[in-house]
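Residue strings, one per chain:
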Amino acid sequence: MKQAVLSAPLQMDVIDVPVPELEAGDCLLRVESALVCGTDIRIYEGTKKKNVSYPTVMGHEFAGTITECNGELPEGLSVGDLVAVYPLVSCGECVACTRGKANICRNRLAFGYQFPGGFAEYVRVPAAAVQNMVKVNGIQPNSAAVIEPLSCAYNGLKLIDAADAQALLVTGCGPLGLMHIRLAKAIGVQQIIAVDPSEERLKVAAASGAQLTLAPGDGVVESIRDFTDGAGVDAMVVAVGRADAFEPYLGALAPGAKVNLFAGFPTGKDTLQLSANEVHYNEYVLVGSSSCHLSDFQYVASLVADGTLEVEDLVTTTFSIDDTVGAIEAAKAGRDLRVGVAARIS
């Protein structure tokens, strides 16, 4: 089988290796769809190194068909099922796990990091992760692969109580920003505002559920306040890792607003400026979010499976596994919403 192996930053080779052998309890997936995440770009370039071991097979957003299992499958699963794969395996014992934060487990393992990921024809799902396979028969593989980033967005929305928000502001309308908008619409947020410099992406944001779309610049805060009858927004998602996607919009926040720094920021460019008194006197809540819980993944999978969330159009370009570097470069260029790798070679 083929797999794309990153041996060091900027050193990617597509090689032929044997199909993985299964140990007791393991399962084998034939990869049907794998997507390039912004984190994959940072790993490829070497700007993200935490928890990354070289050589590595990236790809933590993927879906595949169960072809074999060395033991009993989890209840409800069968050989031949299409499954989306929740990528994390937590230890269950660290302080994060014991406090209900298994998604930020201090000892977590993950596909695309310690476990070989989806940029391959086949993936071995170790026994410790077989419960992470979520059946999604009947949907397109690309839609199944999108469940992982959608679930991360859903976790972020939960942390700012978006379901109870009157108005939500999303800055950055890349794939994850659009996913936040679609999820916010699905959970009943009444007013959704999107800010992005790209006219094309703002059009997609409007089609995804944003009632007000704005390009950055003078007057944006005033437009947001006018749209919300002077109240401002009580929830905000920063969906791009840039200070100028956060700092200019503090004046658009309503008292008690909650802000999620969803995007990862480049190392060395992760300093933000805000007034401590503004936070203090307005009781603003600022939170981060990282990955998601298995329960989030299962819930979002149900929304995709029953058609509540339309996501197939989010994957706009697919590259052959032989040109995985091209897929990464295309994702970096930002012209596409989500870029796929055609990992299965027929």
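**Here we look at the pattern of salt bridges**
Two side chains that carry opposite charge are able to pair once their charged atoms sit near each other. What the rule picks out here adds up to 10 salt bridges. Between Arg-124 and Asp-26 there is a salt bridge; the shortest N-O distance is 2.6 Å. Here Asp-26 lies in the loop between strand E2 (11–16) and strand E3 (27–36) and Arg-124 lies in strand E8 (residues 122–125), a separation of 98 residues in the sequence. Residue Arg-124 is classed as partly exposed on the basis of its relative accessible area of 27%. For Lys-158, the salt bridge is made with Asp-296, and the minimal N-O distance between the two is 2.7 Å.

**Topic: the nonpolar core**
One finds Met-133, Ile-147, Leu-150, Leu-168 and Ile-181 to be the most contacted residues of the largest nonpolar core, which totals 94 residues. When residues no more than four places from it in sequence are discounted, the contact partners of Leu-150 are Met-179, Leu-183, Val-300, Val-304, Leu-309 and Val-311. Core analysis: the next-biggest nonpolar cluster, separate from the first, contains 22 residues, Val-195, Leu-253, Val-259 and Phe-265 among them.

**Digging into the packing of helix H4 (residues 147–159) against helix H9 (residues 294–305)**
As a packed pair, H4 and H9 sit with axes 9 Å apart at the nearest point and diverge in direction by 115°. Overall, the two elements H4 and H9 adopt an arrangement that is roughly perpendicular. In the packing of H4 onto H9, the handedness of the crossing is right-handed. Residues Ile-147, Glu-148, Leu-150, Ser-151, Tyr-154, Asn-155 and Lys-158 of H4 form the contact with H9, whose participating residues are Asp-296, Phe-297, Tyr-299, Val-300, Ala-301 and Val-304. The residue makeup of the contact of H4 with H9, split by class, is eight nonpolar, two polar and three charged.

**Focus on the environment of Ala-129**
Along the chain, the position of Ala-129 falls in the loop between E8 and strand E9 (133–135). With a relative accessible area of 0%, Ala-129 lands in the buried category. For the pair Ala-129 and Ile-41, spaced 88 residues apart in the sequence, the C-alpha separation amounts to 25 Å. Beyond its immediate stretch of four places on either side in the chain, Ala-129 contacts Val-89 and Phe-111.

About the criteria used
Residues numbered from 1 in each chain as written. Predicted model: local features only at pLDDT ≥ 70, side-chain atom pairs only at ≥ 80, totals over all residues. Heavy atoms only, no water. Salt bridge = Lys/Arg side-chain N within 4 Å of Asp/Glu carboxyl O. Helix = DSSP H or I, 4+ residues; strand = E, 2+ residues; numbered from the N terminus. Buried < 20%, exposed > 50% of the residue type's maximum accessible area, 1.4 Å probe, protein only. Core = buried A, V, L, I, M, F, W, Y, C linked by side-chain atoms within 4.5 Å. Contact = heavy atoms within 4.5 Å. Axes fitted to C-alpha atoms, helices over the stretch in contact; angles between N-to-C directions. Parallel < 35°, antiparallel > 145°, perpendicular 65-115°, else oblique. Left-handed = near helix turned anticlockwise from the far one by under 90°. Nonpolar A, V, L, I, M, F, W, Y, C, P; charged D, E, K, R; others polar.

Treat this as a map of the structure, not an account of what it does.
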